[in-house]
Amino acid sequence: MLIERFPIVWLRTNGHWWSLSLPDTYLLGLALWCGGGVLALIGLLKMRRRWRGRPGRQKALAATLSLWFCLAILTFVEIGFALFYDTTDSFTKTAVSERWYAR
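Residues numbered from 1 in each chain as written. Predicted model: local features only at pLDDT ≥ 70, side-chain atom pairs only at ≥ 80, totals over all residues. Heavy atoms only, no water.

On to the environment of Phe76, then. With respect to the secondary-structure elements, Phe76 resides in helix α2 (residues 55-90). Each C-alpha atom, one on Phe76 and one on Cys34, is 9.9 Å from the other, the two residues being 42 residues apart in sequence. (Helix = DSSP H or I, 4+ residues; strand = E, 2+ residues; numbered from the N terminus.)

All right, on to the nonpolar core then. Of all hydrophobic cores here, the largest spans six residues; its members are Leu44, Trp51, Leu61, Leu65, Trp68 and Ala72. Examining the composition of this core, we find that four residues originate from one element, α2, more than from any other. When neighbours within four sequence positions are excluded, Leu44 is seen to be in contact with Leu61, Thr64, Leu65 and Trp68. (Core = buried A, V, L, I, M, F, W, Y, C linked by side-chain atoms within 4.5 Å. Buried < 20%, exposed > 50% of the residue type's maximum accessible area, 1.4 Å probe, protein only. Contact = heavy atoms within 4.5 Å.)

Attention now moves to the layout of surface pockets. Over the atoms a probe the size of a water molecule is rolled, and this reveals where empty space is left. The calculated volume of the largest pocket comes to roughly 270 Å³. Residue lining of the largest pocket: 14 residues in total, with Trp33, Gly37, Trp68, Ala72 and Thr75 positioned closest to the centre. In terms of residue class, the lining of the largest pocket is made up of 10 nonpolar, four polar and no charged. (1 Å grid on protein atoms, 1.4 Å probe; cavity = no way out; pocket = protein on both sides within 12 Å on 5 of 7 lines; lining within 4 Å. Points joined across faces, edges and corners; volume = space filled by probe spheres on them. Nonpolar A, V, L, I, M, F, W, Y, C, P; charged D, E, K, R; others polar.)

This part is about the packing of aromatic side chains. Using the criterion set out here, one finds one aromatic pair in the structure. A cation sits over an aromatic face here: Arg57 above Trp51, 4.9 Å from the ring centre. (Phe/Tyr/Trp six-rings, centres within 6.5 Å; stacked < 30°, edge-to-face > 60°. Lys NZ or Arg CZ within 6 Å of the ring centre and 35° of its normal.)

What follows concerns the confidence of the model for the protein chain. Residues shown with low pLDDT carry predicted positions that ought not to be read at fine detail. Averaged over all residues, the pLDDT of the protein chain equals 78, while 66% of them reach at least 70. Averaged pLDDT values over the elements of the protein chain bottom out at 54 in strand β1 (residues 8-13) and peak at 92 in helix α1 (residues 24-50). The low-confidence segment residues 1-7 (pLDDT under 50) makes 15 contacts with residues lying over four places distant or belonging to another chain. (pLDDT = per-residue confidence, 0-100.)

Okay, a nonpolar patch on the surface next. On the surface, Trp33, Leu67, Leu71 and Leu74 cluster together to form a nonpolar patch covering roughly 430 Å² of accessible area. In terms of residue count, the dominant contributor to the nonpolar patch is α2 (three residues). Counting through the fold element by element, Leu67 comes out in helix α2. (Patch = residues over 30% accessible without salt bridge, like charges linked within 9 Å, V, L, I, M, F, W, Y side chains within 5 Å. Areas by Shrake-Rupley, 256 points an atom, 1.4 Å probe, with all protein chains shown as cover. Salt bridge = Lys/Arg side-chain N within 4 Å of Asp/Glu carboxyl O.)

Have a look at this one:
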């Protein structure tokens, strides 16, 4: 594989560092998705400036920007889930994980 797996240090508690290791393809896909989102936002904002004063196009652009913001919010939820809930669950630090291993 071209991309090496690497741990990202993200939290220190009680003198111990926790590291998170996500699959390479997930990190690459997430980076591409976020980069594409930034490029799309820049393009949409340029179009908004260019199409000022055209009501029909402004409505379509407003709907597209609304969709972009909804996707951005869902992306932040996904990142939060992957980094905090899923990672802490793998270290048996959540109640759900403790109940699972107690079985």
